[in-house]
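Examining the three-dimensional arrangement
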Amino acid sequence: MRLSITILKDYDSVSREGADVVAGVIAANPAARIVAAMGDTPQGLYGELARRSDAGELDASGLFVYQLDEYAGVGPEDPRSLAGWLVRSFMRPLRIPPENLVLLPRDADSAAYATYDRSIAEAGGYDLVILGIGPNGHIGFNEPPADGSAPTRAVALSPASIASSARYWGSADQVPRRAITVGIAGLLKARKMLLLACGSHKNEIVRRALLGPVTAEVPASYLQEADEVTVLLDRAAWNGS
Ligand code: F6R
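Okay, so let's go over this structure. These numbers come from a predicted model, not from an experiment. (Residues numbered from 1 in each chain as written. Predicted model: local features only at pLDDT ≥ 70, side-chain atom pairs only at ≥ 80, totals over all residues. Heavy atoms only, no water.)

1. Points about the site of the ligand
- Residues in close proximity to the ligand total 15 residues, the closest being Thr-41, Asp-69, His-138, Arg-167 and Lys-202.
- A distance of 2.8 Å is found between an oxygen atom of the ligand and a backbone nitrogen or oxygen belonging to Asp-40.
- Between the ligand and Thr-41 there is a distance of 2.5 Å, counted from an oxygen atom to a side-chain nitrogen or oxygen.
- Burial of the ligand by the protein amounts to 92% of the accessible area it has alone, namely 410 Å².
- Its atoms largely coinciding with the cavity grid, the ligand occupies the largest pocket. (Near = heavy atom within 4 Å. Polar contact = N/O pair within 3.5 Å; in protein donor to acceptor, adjacent residues only side chain to side chain. Areas by Shrake-Rupley, 256 points an atom, 1.4 Å probe, with all protein chains shown as cover. 1 Å grid on protein atoms, 1.4 Å probe; cavity = no way out; pocket = protein on both sides within 12 Å on 5 of 7 lines; lining within 4 Å. Sits in = over half its atoms within 2 Å of the grid points.)

2. A word on empty space enclosed by the protein
- On inspection of all chains with the given rule, the structure shows 2 cavities of 30 Å³ or more.
- Estimates place the volume of the largest cavity at around 50 Å³.
- Taken together, Gln-67, Glu-70, Val-74, Pro-76, Ala-83, Leu-103, Leu-104, Pro-105, Arg-106 and Ile-180 form the lining of the largest cavity.
- Looking at the lining of the largest cavity residue by residue, the classes come out as 7 nonpolar, 1 polar and 2 charged.
- Of the pockets and cavities examined, the second largest cavity occupies roughly 40 Å³.
- Around the second largest cavity, the lining residues are Ala-36, Ala-37, Met-38, Gln-67, Leu-68, Asp-69, Leu-82, Ala-83 and Leu-86. (Points joined across faces, edges and corners; volume = space filled by probe spheres on them. Nonpolar A, V, L, I, M, F, W, Y, C, P; charged D, E, K, R; others polar.)

3. What to know about the sheet that holds strand E9 (residues 192-197)
- Strand order in the open sheet made by the 7 strands is E1-E10-E9-E6-E2-E3-E5, with parallel pairing throughout. A strand with exactly one partner marks an edge of an open sheet, and here the two such strands are strand E1 (2-8) and strand E5 (101-102).
- Summarising the sheet, strand E6 (residues 128-131) and E9 pair through 4 bridges and their orientation is parallel. Of the residues in E9, the one forming a bridge with Val-129 is Met-193. (Pairing = 2+ DSSP bridges. Helix = DSSP H or I, 4+ residues; strand = E, 2+ residues; numbered from the N terminus.)

4. Structural notes on the sheet that holds strand E8 (residues 178-181)
- Strand order in the open sheet formed by 3 strands is E4-E8-E7, and the pairing between neighbours is antiparallel. Each edge of the sheet is formed by a strand with only one pairing partner; in this case those strands are strand E4 (69-71) and strand E7 (153-156). Looking at each pair of strands side by side, their axes are set apart by 25 degrees on average, direction ignored.
- With 4 bridges joining them, E7 and E8 adopt antiparallel strand pairing. Bridge pairing links Val-155 to Ala-179 in E8. (Axes fitted to C-alpha atoms, helices over the stretch in contact; angles between N-to-C directions.)

5. Focus on the layout of surface pockets
- Estimates place the volume of the largest pocket at around 480 Å³.
- Lining the largest pocket are 27 residues; nearest its centre among them are Met-38, Gly-39, Asp-40, His-138 and Arg-167.
- Contributing elements (two or more residues each) for the lining of the largest pocket: E4, helix H3 (82-91) and helix H5 (159-169).
- The element that contributes the greatest number of residues to the lining of the largest pocket is H5, accounting for 4 residues.
- Looking at the lining of the largest pocket, its residues break down into 14 nonpolar, 9 polar and 4 charged.

Shown next as structure tokens:
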């Protein structure tokens, strides 16, 4: 197990350092299987990768991209879907062909999600998982309580997640109440995990996740048990100011 925590000056430094980590994975395996979170935090990293790709410094077009989570009942063609955002902010700018996107099962039963988890494991598991952390310690939409054995499944979104998704939906009323998420168990099997957090509003949860006990009440605390985790924080996320 290897957990490294790096505190950087600001958001742009986190984005650049994160892009270096992703570029390293691509250099080692241009056809790597990558899970890329949505949300605001990794957008700077994705923008930096796109800049390097445009400058001819990076070729990410051979990556296979696996969806991390999705609002229930929202198809990839819906601009509010996380899949749509993934295509717009990650795949298209990096010239990754649409057929390299692996979507989560939709409207499935638990047997179908279990089949999905098995198919990922049989394909060799994820090479890299890029994560943000929710205000309640969620990773993906693994809402508390969720422990290290949580499989891919449909979940009820917590009030905290509904409130934090409201900015993408116009208002909290419009946010779907359910979502589908890759489970913590599948994420933990990844060869490498990259967690990004920025801003003083993440300070308390970052400290609980990285320094506190491993507990289902803070799903991100299970990262302490992963094989290789790189955590990149800005000063505000670490110090609280
Ligand atoms: C989104 C996702 C979420 C976010 C988390 C942090 O695909 O998986 O777990 O990573 O809610 O969101 P931001 O980065 O917007 O603070």
